[in-house]
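Residue-level structure breakdown
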Amino acid sequence: MTPTTVRRINWVGGVFTVLTVIIAVLWAFPIYWGIVSSLKPEDEVVRPYIELWPETLTFRHYWFALTQTQIGSWYINSVATSVGVTVLTVSTSLFAGYAISQLRFPGRTILWWLILASFMVPTQVLIINHFVLMANMSLLNSWAGIILPQLIHPVIIIVYKQFFDQVPKDFREAAAMDNASEWNVLFKIYIPMNWGVTTALSIVTFIWAWNAFLWPFLAVTRTEMMTITVGITQVYDAFGVYYAQQLAAAVLAGIPVALAYLLFQRKVTQAITLSAGIKG
Amino acid sequence: MIDDISLEIASGELVVFLGPSGSGKSTLLRMIAGLETIDGGTLTIGGKRSEHLAPGQRDVAMVFQNYALYPHMSVRENMAFGLKNIRMATSEINRRVQEAARVLEMDALLERRPAQLSGGQRQRVAIGRAIVKEPAAFLFDEPLSNLDATLRVRTRVELAELHQRMKSTMVYVTHDQTEAMTLADRIVILNNCRIEQIGTPMDVYLYPSSRFVAGFVGSPGMNFLKAELSAADGKQIATLGNGSDVALSIDLPPGAYELGIRPEAVQVSATPAATTGKAAVVEKLGDRTLVHLHLDDGTSLTALDGGRSEVKPGDIVHLDFDISQLHLFDSDGVAHHAK
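Residues numbered from 1 in each chain as written. Chains lettered and ligands numbered in written order. Predicted model: local features only at pLDDT ≥ 70, side-chain atom pairs only at ≥ 80, totals over all residues.

The next subject is the overall build of chain B. Counting its secondary structure elements, chain B contains eight helices and 19 strands. Dimensions of chain B along its principal axes, counting C-alpha atoms only, are 75 × 45 × 30 Å. Burial analysis of chain B (339 residues in total) assigns 38% to the buried set. Sequence-distant contacts, at least 24 apart, represent 64% of the contacts inside chain B between residues at least 6 apart. (Helix = DSSP H or I, 4+ residues; strand = E, 2+ residues; numbered from the N terminus. Buried ≥ 20, exposed ≤ 12 C-beta atoms within 10 Å, placed from the backbone. Contact = placed C-beta atoms within 7 Å.)

Put into structure tokens, the structure is as follows:
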């Protein structure tokens, strides 16, 4: 490598670094702005100029969100429904992915095409049907009503199928020689060999479910049954909307997802890459 | 697709399926294992009709080419997995695993994962996983092909020792004729999904049934020369492409044949002999020398000379044939052996 090449690479690298930092700052600024605003008194929030740091630092809005709203119930509802969606989505997708990848049965190809085709249908198109169905089943304003329509995630099935496809068939044959039942092949071999993808998909599904807004917003009308994303829209009083209070509730709502991301950063990135690669 | 195969393997016998890629040897093994479907005919293992049984119920254990050790399980768990699936008592599982570990000298490896093992150690675990099942027959699918040359030789010897110690029935697939010759009680040579010959290693080597077997078995390979067979004075003469005559005793009608002779049956002679050739390449192997020659008509021939051979490239050498080791192959490739 000549000195000129070294210089050029460093220069290009420098430009990329600066660009990346600018994009990161642009991306992170609204989060910073939200957190800072939630720590300002309401009159500072609505000032017509930008103040990057609160003149008066206050935790009043957090105290309000924690004591004067039903945020505790919303947290519980969010945790329960997100865990429910995650467990049911991942387990059903795992079975479906395994069946399509490893078993031979009539209609397998058609089923696979149907799953692929379901990508064409945006969830929003189905939302009225879901609402009518849940209403008929008397499941509105219940955890089941929030969970059930959110279980449709073809991307998880596709990711599982791809991973199961990649397991060398020798393992399946060795298991057959070892007298393993289909159940044992799945639970003792295929799933343990793909723990990484199961963990990653569980985390990303949990984040999707936690952040879901449209369906929980429609399926729940009683305040105490709301999930936290819906609940924060209820942070107002008789005098109207208070941005700082709403932002404080939003920050509280985002904390579990932020923690999940910080704890499982690598897995989340892997899962997003996997699903994005398929979603295109 | 394998069709019309009839083969009987005696208890305690080590039979090697030998053949080139695509000859059907692995498919045949997998048919025995139950990993390929048998559409017609019967398969009997230990006196029990087995063609309709699931792989795990055939009382056979298989060692895969890539070992197929479950990567998330320890060596102990890998070996115990099959036994747990048939709900064997834990004490018996532990006894068998310990015994197999002792036989294969891998007691210290039992708690390791496959990723923490060398290629040779993985191979042992794969064999151990088969041993603990105490099956009626062991099936080996090219088990040494992933090992380096030194380890392959060592493991081959260990397998031979294991077979002698356990006296168990083994079916072994390989494309490596050295493995086949050194390990087998009998070799089954396959070509194009059919059996070409079944016999002991020396039978197959000395009396190949066909042109294919003669060419496939032996390294360096058999020499093949075009020959015209004629009868004169009650003797039969094979006239080679360069005009040299080779007298031999064989009951065949006159006509065009291919004459086959192994390099060790072609002797470099100091005095005028059956024919002459020009040395092209001389390979000194220490204990022996391979002399690659061209006859006058351009036919290539390899002769085996002593380790202290003085033949140099470019030399014209006299060649004699051990006529008791001559073979003639007719137009259908069928072998006829000289008396």
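Once that is clear, we can look at unusual backbone geometry. Residue and element names in this part refer to chain B. That bond from S219 to P220 is cis: its omega, 0°, falls within 30 degrees of zero. Structurally, P220 is set in the loop between α8 (211-216) and β9 (223-232). With a phi close to 45°, E134 is a non-glycine residue in the positive phi region. Turning to its location among the elements, E134 is positioned in the loop between α4 (119-131) and β5 (137-141). Taking the C-beta count within 10 Å as the criterion, E134 has 14 such neighbours and is therefore assigned partly exposed. Of note, N192 is a non-glycine position whose phi angle comes to about 50°, a positive value. For N192, the location among the structural elements is in the loop between β7 (186-191) and β8 (194-199).

What follows is about the sheet that holds strand β18 (residues 326-329) of chain B. Residue and element names in this part refer to chain B. Reading across the sheet, the six strands line up as β11-β10-β9-β12-β18-β19 and stay open at both edges, with antiparallel pairing between neighbours. Pairing within the sheet leaves two strands with one partner each, and these edge strands are β11 (245-248) and β19 (335-337). Averaged over all neighbouring strand pairs, the angle between strand axes comes to 40°, with direction disregarded. (Pairing = 2+ DSSP bridges. Axes fitted to C-alpha atoms, helices over the stretch in contact; angles between N-to-C directions.)

Looking now at the domain arrangement of chain A. Residue and element names in this part refer to chain A. In terms of domain boundaries, chain A breaks down into domain 1 (3-60) and domain 2 (61-279). Across the boundary between the two partners, domain 1 contributes nine residues, which contact 11 residues of domain 2. Residue assignment for the side of domain 1 that touches domain 2 shows that the elements contributing at least two residues are α1 (3-38) and α2 (42-45). Here the side of domain 1 that touches domain 2 takes four residues from α1, the largest share from any one element. For the side of domain 1 that touches domain 2, a count of residues per class yields three nonpolar, three polar and three charged. (Domains from an automatic or database assignment. Nonpolar A, V, L, I, M, F, W, Y, C, P; charged D, E, K, R; others polar.)

What follows covers the nonpolar core. Counting 140 residues, the largest nonpolar core has B:V16, B:F17, B:M62, B:L139, B:V171 and B:V188 as its most contacted members. Counting residues per element, this core draws most heavily on helix α11 (residues 195-211) of chain A, which supplies nine residues. (Core = buried A, V, L, I, M, F, W, Y, C linked by C-beta atoms within 7 Å.)

All names here are of chain B. The alternating pattern of strand β13 (residues 266-269) places V266 and V268 on a buried face and Q267 and S269 on a face that is not buried. Two elements, β13 and strand β17 (residues 316-321), share four bridges in a ladder whose sense is antiparallel. Note on β17: the bridge partner recorded for V266 is F321.

What follows is about the domain arrangement of chain B. All names here are of chain B. Along its sequence, chain B is carved into domain 1 (14-216) and domain 2 (234-337). On the domain 2 side, the residues contacting the seven residues of domain 1 number eight residues. Classifying every residue of the side of domain 1 that touches domain 2 by side-chain character gives four nonpolar, two polar and one charged.

Looking now at α11(A). For α11(A), with 17 residues, the first-to-last C-alpha span of 24 Å sits near the 24 Å given by 1.5 Å per residue. Buried within α11(A) we find A:V197, A:A200, A:L201, A:S202, A:I203, A:V204, A:T205, A:F206, A:I207, A:A209 and A:W210. (Expected span 1.5 Å × (residues − 1).)

Further remarks concern the interface of chain A and chain B. By a frequent convention, interface size equals the accessible area lost on bringing the separate parts together. Contacts between chain A and chain B engage 14 residues on the former and 16 residues on the latter. Residue assignment for the side of chain A that touches chain B shows that the elements contributing at least two residues are α9 (169-177) and α10 (182-193) of chain A. Ranked by residues supplied to the side of chain A that touches chain B, first place goes to α9(A) with six residues. The residue makeup of the side of chain A that touches chain B, split by class, is nine nonpolar, two polar and three charged.

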